[in-house]
Amino acid sequence: MTTNTLTAAPVTDAAALTGKRRIAFASYVDENYLPGFLTLLRSLALSNPSVCEDFVVLYDDLRPGSIAKIRALHPRIVLQRVNDTHYDSYKKGDQDNYLVRKAYFILDVFRIREYDTVITLDTDMVVLGDLRELLELREGLAAVPQFFYGQHKLNSGLLVIQREYLSDEFCAKLDKCGRSGDYELDKHDQGILNAVLDGDFVRLDPRYNFVKRRLSGDLPVPDDTAILHFTGRHKPWQGGEAGYSQAEDKWREYELSDAAFQAAYLESSGGLHHDLVVHFGTPHVQRTGDVEVARKVAAAHIANGDYQDAVDVLSGVRIPLDEAWPHEVLGHALMSVSRYEEAKAQLLLATAAPNRAATAYARLAQMAWVQGDHTEALRYATAGITVDPTHRPSRLWAQRAAAVPSQERGSAEDQLAHVAFYMDRQGNAGDKLLPETVRLAFGPDTTSRRWHSVHAHRLFDEAALERVNARRGLVIGGGGLFIPDTMPNGNSAWQWNVPDALLNRIDVPIAVFAVGFNAFDGQSYRANRFRESLLQLVERSAFFGLRNHGSIEKVRAMLPSHLHDKVRFQPCPTTVMRQLVAGWQDPAERDDTILINAAYDRAGLRFGHDYAYFLAQMAQAVRDLGKLGTVKCVAHSLDDEKIALDLRREHGISMPVIPMYDFENDEIRDLYARTKLVIGMRGHAGMIPFGVGTPIISLISHPKMAYFLRDIERPEWGVSVHDRHLAARLVERAKDLLADHAKTVADVHGRQQELWKVTEANAADLRVILGS
């Protein structure tokens, strides 16, 4: 086993690596206030149907049946029993008074350590409007000032608490104040908290904690009210109070049975959160057999990567022949678990409806291509274009099906088979460059004289097996092939569509080379199928190299201990590009440019609730970076141009766009070699420029970016897209790297040399394994 020359980087959880904010709601709930809390949960879902964060329930006396009612109304309930012993020595307050106890217990929120932002909601509140502004808050402790007692004190119920207050230090201040008795505690305020803050909190608009007493005299609830708070002794579920009938009517709009609530949510307009659709839709479908809801639930399962669950929910209802959309979604789910014939039948039914036909034909074309039938793939793709000439997926599949494969020029015994994701024209620039770069790590000839291409997304069948076994070895890589959803299949649950039985019949040496574990923060695999396929792949491989230590730790955690040492470090060959390209020469001069790349695939997983913040910070960064050089957007794929469009629309900033997705491989290398600095969000917007000797700063929205920077021992070259001071940090680090550019480039070369040593050592082993 080769010893790696670089120290393995420590691996932590994905959220810690990406800096993505973890947000939770929190409430103190007891049996008396349970009816109010259930109504609060319903109102939150119906008023904010796209929001689904953890909800922490602080409690001390809830019955099992009550907990079941709570769980039925939210899929991400986190139960946390409170312990009031640390309040025993507080000098003021009637411990038997519920309102006082609640004021004490809410202080337990500040002992929560699992989240970056916690939003407290009282159980006598009802949510009527959009809470996006609260979810986007990032600093301080925010609350609505008390309406009746001036601006100095905050009102109870609604708090938006950031990480610096969810700390032992702040809890110590609260405890000290509580024990000293130097506070006033009554039903109107958060006595201890107000005493400690002394007015130092972020003021929110009263509409986020609109107290009932402002409506005395039966005034109507203002239309812009986001949260209505039923302060006072008389609660709506206890009979209410005279003079507030219009307010209580608002509350009663959400006093629904579970069945009525589920139906109301599923009929909501706008973007429904897929977790909520599954949580509320599943029992609704089981109760009613509603086909349209079953389609929504199945689509939500597909969005989560739970393809078999999507098959199950739609297979459990009777779909009328003329209901095209459910047939199309079921066909999509079936093809994603590799049940191709069943999928074909469903998709053909979907082509009967004009509004679903193009999508159905595109999926049929994709499935035919996966199974190796170019003629049928082209026929279906053409049909999709005929139905809708603007349908981009149909056009892409038509191009792929019509492409003539290159003729192999070498004899089989002289070739290596190569499983990779071979990118189409105008596809992701990094993925386009990657297969050639992997081949360069095995020798200068990257053509079909020495290589037999096996597209990872094509079904690996008997004919493919025969072709591979006729070669002298099989290389699998590189790139993030261990990801569940780019082209899902039921055979392996990762990108290579290979059944176990055929994988086990490969009788030539297998080398897994620089593959990455590419799951996003918040993304999961179908664990059993992936683990089984992974186990067989590791057992069958003569060489198993992953491109960063984060991937190594993730994969080792899924393997039995006796296979751990078989998993080794092999950097992505793009990171040592200067060493691999024959006759490489570093540029004598560089353009006075700074290239920026942003990625938008799986945007929700990348940005969470922080995209508006990210964009504003990037606007400021582009302005300031413009003083250091000409700032341009480099787009690895068409979607990457969005940052330039959004900056112009939202902030009035124009930034030239370089369409790298149209570049040939030499053009990609040349452009990155000639610029002074690259600030990139895609993995290969960091690794490729680094590999050609250009300084980088990574915009971290995926763990793999942090993995790479830790491997080269330069974590300071990365900034989270969620960083509170993103613009300032980017500009500061850019200035540092550009101040003595020659020194920075030399540092890049030095870091690269360490990766090259690992690659050379592995190459020696591979020459023995592959006999070359």
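Residues numbered from 1 in each chain as written. Predicted model: local features only at pLDDT ≥ 70, side-chain atom pairs only at ≥ 80, totals over all residues. Heavy atoms only, no water.

Moving on, we get to the sheet that holds strand β4 (residues 117-120). Taking strand neighbours across the sheet as the criterion, the 7 strands line up as β3-β2-β1-β4-β7-β6-β8 in an open arrangement whose pairing is mixed. One side of each edge strand has no neighbouring strand; the edge strands of this open sheet are β3 (77-81) and β8 (202-203). Judged from the 5 bridges that link them, strand β2 (residues 54-59) and β3 form a sheet pairing that is parallel. In the sheet register, Y59 faces β3, and the bridge partner there is R81. Helix-sheet contacts for helix α2 (residues 34-47) involve β1 (23-28) and β2, and the interaxial angle to β2 is about 170°. (Pairing = 2+ DSSP bridges. Helix = DSSP H or I, 4+ residues; strand = E, 2+ residues; numbered from the N terminus. Contact = heavy atoms within 4.5 Å. Axes fitted to C-alpha atoms, helices over the stretch in contact; angles between N-to-C directions.)

With that settled, consider the sheet that holds strand β5 (residues 125-127). On the basis of which strands lie adjacent, the open sheet formed by 3 strands has the order β5-β10-β9 and mixed pairing. Each of the sheet's edge strands pairs with one partner strand only, and the pair in question is β5 and β9 (210-211). In terms of strand pairing, β9 meets strand β10 (residues 227-229) through 2 bridges, oriented parallel. Opposite F210, over in β10, you have L228 as the bridge partner.

Turning our attention to unusual backbone geometry. The phi dihedral of D218 is positive, around 60°, even though this residue is not glycine. By the element assignment, D218 lies in the loop between β9 and β10. Positive phi, normally seen in glycine, also occurs at R602, with a value near 55°. Along the chain, R602 turns up in the loop between β18 (593-597) and α24 (603-607). On the basis of relative accessible area, R602 is assigned to the partly exposed category, the value being 25%. (Buried < 20%, exposed > 50% of the residue type's maximum accessible area, 1.4 Å probe, protein only.)

With that settled, consider the nonpolar core. F482, W496, F614 and I643 are the most contacted members of the largest nonpolar core, which has 111 residues in total. The residues contacting I643, other than those within four sequence positions of it, are I596, A598, Y600, F614, L615, M618, C633 and M655. Within the second largest apolar cluster, 86 residues are counted, among which are F25, I77, V144 and M335. (Core = buried A, V, L, I, M, F, W, Y, C linked by side-chain atoms within 4.5 Å.)

A few words now on helix α25 (residues 611-625). In this model α25 runs 20 Å from its N-terminal to its C-terminal C-alpha over 15 residues, within 8% of the 21 Å that 1.5 Å per residue would give. Listed in full, the buried residues belonging to α25 are Y611, Y613, F614, L615, Q617, M618, A619, A621, V622 and L625. (Expected span 1.5 Å × (residues − 1).)

With that out of the way, let us pick up the side chain of R471. Tracing the sequence through the fold places R471 in the loop between α19 (462-469) and β13 (474-476). Within the local environment of R471, its side chain forms a polar contact with the backbone oxygen of R467, the two atoms lying 3.0 Å apart. If near-sequence neighbours (up to four positions away) are discounted, R471 is found in contact with E408, A412, Q415, L416, A417, H452 and V508. (Polar contact = N/O pair within 3.5 Å; in protein donor to acceptor, adjacent residues only side chain to side chain.)

A pair can form between side chains of opposite charge whenever their charged atoms are brought close. Enumeration over the complete set of coordinates arrives at 46 salt bridges. The shortest N-O distance in the salt bridge between R669 and E436 comes to 2.9 Å. With R669 in helix α27 (residues 665-674) and E436 in helix α18 (residues 429-440), this residue pair connects regions lying 233 residues apart in the sequence. The salt bridge involving D601 is made with R602; its shortest N-O contact spans 2.8 Å. Note on D601: relative accessible area 21%, which makes it partly exposed. (Salt bridge = Lys/Arg side-chain N within 4 Å of Asp/Glu carboxyl O.)

Our next topic: the environment of S268. Looking at where S268 falls in the secondary structure, it is placed in the loop between α9 (258-266) and α10 (274-288). Taking relative accessible area as the criterion, S268 reaches 18% and is therefore assigned buried. For the pair formed by S268 and T359, sequence separation is 91 residues and the distance between their alpha carbons is 25 Å. In this structure S268 touches L46 and P49, once residues within four positions along its chain are discounted.

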